[in-house]
Amino acid sequence: MARIATYDVTTATKEIKEVFAEIEGAFGKVPNLFLTYANHLPLLKANWNKVKAVMGEGTLSQKTKQAIAVLVSRDNGCAYCVAAHTGALRAIGVSEEEIRSIEEDLEQANFTTKERALISFARKANTTPLRVPDEEFAALKQTGAIDAEIIEALGVMELFTAFNKFLDVLQVEVDFT
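Quantities reported herein were computed from a predicted structural model and do not represent experimental measurements. Chains are numbered independently. Their residues run from 1 in the order of the written sequence. The predicted nature of this model means local features are confined to residues of pLDDT at least 70 and side-chain atom pairs, given and counted, to a pLDDT of 80 or more, with totals for whole chains, interfaces and linings taken over all residues. By convention in this description, side-chain values take in all heavy atoms of the structure and omit both hydrogens and water.

**Things to note about the nonpolar core**
Under the convention used in this document: To form a nonpolar core, buried Ala, Val, Leu, Ile, Met, Phe, Trp, Tyr and Cys residues must be joined to one another through side-chain atoms within 4.5 Å. The buried label applies to any residue whose accessible area, calculated with a 1.4 Å probe on protein chains only, is under 20% of its type's maximum; exposed applies above 50%, and partly exposed to all values in between. The secondary structure listing takes helices from DSSP runs of H or I that are at least 4 residues long and strands from runs of E that are at least 2 residues long, numbered from the N terminus. Contacts are assigned to residue pairs that have any heavy atoms within 4.5 Å of one another.
F20, F34, L44, F163 and L167 are the most contacted members of the largest nonpolar core, which has 55 residues in total. Among the elements of the structure, α1 (14-27), α2 (32-37), α3 (41-56), α4 (62-76), α5 (79-91), α6 (96-104), α7 (113-127) and α9 (147-170) are those that each provide at least two residues to this core. Other than its neighbours up to four places away in sequence, F34 contacts F20, I23, F27, L44, N47, W48 and V51.

**Digging into the layout of surface pockets**
Rule in force here: Each cavity reported here is a set of points on a 1 Å grid over the protein atoms alone in which a 1.4 Å probe fits but cannot get out, each pocket an open set with protein on both sides within 12 Å along at least five of seven lines, and each lining residue one with an atom within 4 Å of a point. Grid points are joined across faces, edges and corners, and a volume is the space filled by probe spheres set on the points. Three residue categories are used. Nonpolar comprises Ala, Val, Leu, Ile, Met, Phe, Trp, Tyr, Cys and Pro, charged comprises Asp, Glu, Lys and Arg, and polar comprises the others, including Gly.
Looking at the largest pocket, its volume works out to about 420 Å³. If you trace the largest pocket, you find 21 residues lining it, with F27, Q66, A84, H85 and A88 closest to the centre. Contributing elements (two or more residues each) for the lining of the largest pocket: α1, α2, α3, α4, α5 and α9. The dominant element in the lining of the largest pocket, judged by the number of residues it contributes, is α5, at six residues. Residues of the lining of the largest pocket, tallied by class, amount to 17 nonpolar, four polar and no charged.

**Things to note about the environment of F27**
Relative to the elements of secondary structure, F27 occurs in helix α1. Judged by its relative accessible area of 39%, F27 is partly exposed. Each C-alpha atom, one on F27 and one on A88, is 9.3 Å from the other, the two residues being 61 residues apart in sequence. F27 has contacts with F34 and W48, leaving out every residue within four places of it along the chain.

**Quick look at the pattern of salt bridges**
Keep this limit in mind: Salt bridges are defined by distance alone: a side-chain nitrogen of Lys or Arg within 4 Å of a carboxyl oxygen of Asp or Glu.
A full pass over the atoms with the stated rule returns 14 salt bridges. In this structure, R123 and D75 form a salt bridge, with 2.6 Å as the shortest nitrogen-oxygen distance. Of this pair, R123 sits in helix α7 while D75 is found in helix α4, placing the two residues 48 residues apart along the sequence. On the accessibility criterion, R123 (24% relative accessible area) is partly exposed. The closest approach of N and O atoms between K141 and D147, which form a salt bridge, is 2.6 Å.

From the geometry alone we can't say anything about function, so treat these as descriptive.
Rendered as structure tokens:
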């Protein structure tokens, strides 16, 4: 059971309704994550804007970004984000077999060498951020990854690490299947 109630949409202000309309347009519903953030409007707005910027802009493919979201969330033990972003992979046409490959053996998943390297790098940055040697940056760049792509991958990792902690501490109910 969630430790904090999701926001009561029947009492939503005009500003909250506007943000919810955008979120619903993107997801077909307002996920519990954002219903919880709505208890503090500045945080709702900031995080929705960050999702739009990180997940909706840039050069990395949606499949790469969603894979980072799933794997970082799995590494952090966040069932909510794993469910949400496994669903997002399905929504963009990734098969169940491919999802299993992403989760179980990234080397077998259908990504370029550069995409796999960016995904792996984001995972390592999540789990051991103070132990990423210069050689790993050099190896990543040898795959063709440019600085902007590395920052973009780390931005996805950062977004989901924060969401993972927020969702887990509040025990927000998973509303994705």
